[in-house]
Amino acid sequence: LDADRLPRPQQLEIAHAVGRTNGVVVIATVSQPLDRAIADGKLAPWFGSMFSGKRVAITPLEHRREDLPAIIRDIAERRNIALSRISPELVDALVRAGWPGGVPQLESTLVAAAEATEANAPIDLTTIASTLSRASHAKPSLPHATDPALARARLEDALARANGSVASAARSLGMSRQAIYREAERLGLDIARRKFSRS
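Rules used in this analysis
- Residues numbered from 1 in each chain as written.
- Predicted model: local features only at pLDDT ≥ 70, side-chain atom pairs only at ≥ 80, totals over all residues.
- Heavy atoms only, no water.
- Helix = DSSP H or I, 4+ residues; strand = E, 2+ residues; numbered from the N terminus.
- Buried < 20%, exposed > 50% of the residue type's maximum accessible area, 1.4 Å probe, protein only.
- Areas by Shrake-Rupley, 256 points an atom, 1.4 Å probe, with all protein chains shown as cover.
- Salt bridge = Lys/Arg side-chain N within 4 Å of Asp/Glu carboxyl O.
- Phe/Tyr/Trp six-rings, centres within 6.5 Å; stacked < 30°, edge-to-face > 60°.
- pLDDT = per-residue confidence, 0-100.
- Contact = heavy atoms within 4.5 Å.
- Arc of directions from axis to C-beta.

**Points about the overall build of the protein chain**
Logical step 1: Secondary structure assignment for the protein chain yields nine helices and two strands.
Logical step 2: For the protein chain, the N- to C-terminal ordering of α and β elements is α-α-α-α-α-β-α-β-α-α-α.
Logical step 3: When burial is assessed residue by residue, the protein chain has 37% of its 199 residues classed as buried.
Logical step 4: If you sum the accessible surface of the protein chain, you get close to 12,100 Å²; carbon and sulfur atoms cover 52% of it.

**Details of the pattern of salt bridges**
Logical step 1: Counted according to the given criterion, the structure contains eight salt bridges.
Logical step 2: Here Arg73 ties to Glu77 by a salt bridge, and the two come within 3.2 Å at their closest N and O atoms. Here the residue Arg73 and the residue Glu77 both occupy positions in helix 4 (residues 68-78), the gap between them amounting to four residues, near one helical turn.
Logical step 3: Look at Glu77 and you get partly exposed, because its relative accessible area is 44%.

**Focus on the packing of aromatic side chains**
Logical step 1: Summed over all chains, the structure comprises one aromatic pair.
Logical step 2: Taken together, a centroid distance of 6.5 Å and an interplanar angle of 70° make the contact between Trp46 and Phe47 edge-to-face.
Logical step 3: Here Trp46 falls in the partly exposed class, since its relative accessible area comes to 39%.

**Considerations on the environment of Asp40**
Logical step 1: Along the polypeptide, Asp40 turns up in the loop between helix 2 (34-39) and helix 3 (45-48).
Logical step 2: Once the C-alpha coordinates of Asp40 and Asp4 are considered, the two residues, 36 residues apart in sequence, prove to be 9.8 Å apart.

**Focus on the confidence of the model for the protein chain**
Logical step 1: Of the residues in the protein chain, 86% have a pLDDT of 70 or more, and the chain-wide mean is 80.
Logical step 2: Between the elements of the protein chain, mean pLDDT differs from a low of 68, seen in strand 2 (residues 133-134), to a high of 93, seen in helix 4.
Logical step 3: Taken together, the stretch residues 137-145 has pLDDT below 50 and engages in 27 contacts with residues farther than four places along the chain or on a different chain.

**Brief notes about helix 4**
Logical step 1: Along helix 4, the residues that are buried comprise Leu68, Pro69, Ile71, Ile72, Ile75 and Ala76. Buried residues in helix 4, looked at end-on, bunch into an arc of 160°, giving them a common side.
Logical step 2: In this fold, the buried residues of helix 4 make contact with helix 5 (88-96), helix 6 (102-116) and helix 7 (148-161).
Logical step 3: Positive phi appears at Asn80, one or two residues downstream of helix 4, with a value of about 55°.

**Re the environment of Ala121**
Logical step 1: With respect to the secondary-structure elements, Ala121 resides in the loop between helix 6 and strand 2.
Logical step 2: The exposure class of Ala121 is partly exposed, given its relative accessible area of 22%.
Logical step 3: Between the C-alpha atoms of Ala121 and Arg85, which are 36 residues apart in sequence, the distance is 6.0 Å.

Written out as structure tokens, the structure reads:
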């Protein structure tokens, strides 16, 4: 991460290791454009040349909101935050927020919220609500959570908030009514027969 912040001795060590081995590919990030990092002397030219021609641009999180539930889950698992502490409301707030700092900003926010809340208790959204920035413009495409339990909890919560109204739940989730029915079928949730109420 942030190869342009590595001290020159480490840059040299990596370059030597790569030079001694066949078939090695080095993957790194830089905190600024590669050309500028080389011009500013943050990256040695011989180190920067290892990355030339192999650049990958990562799409901003605001353009791939459907990936956020899986990213949140991954962060929680890596940082030892129990998934039971992450409520559907918290996930919705994180998905709807803007993340100009990308995954590192999302991770630091989630970890800060977990640390500010009593251990093993559900993470309190109010601890970070004021720090969440607004998304730039596009309406979020919510969710297709890869964790069925999380997706089911989100759908049940939306239906409970809407007093069982599929149309209202669909609006609150930014989905169509048909998508709600498809999601319910995928999750084995019979929304026609079940009554939803907020606890």
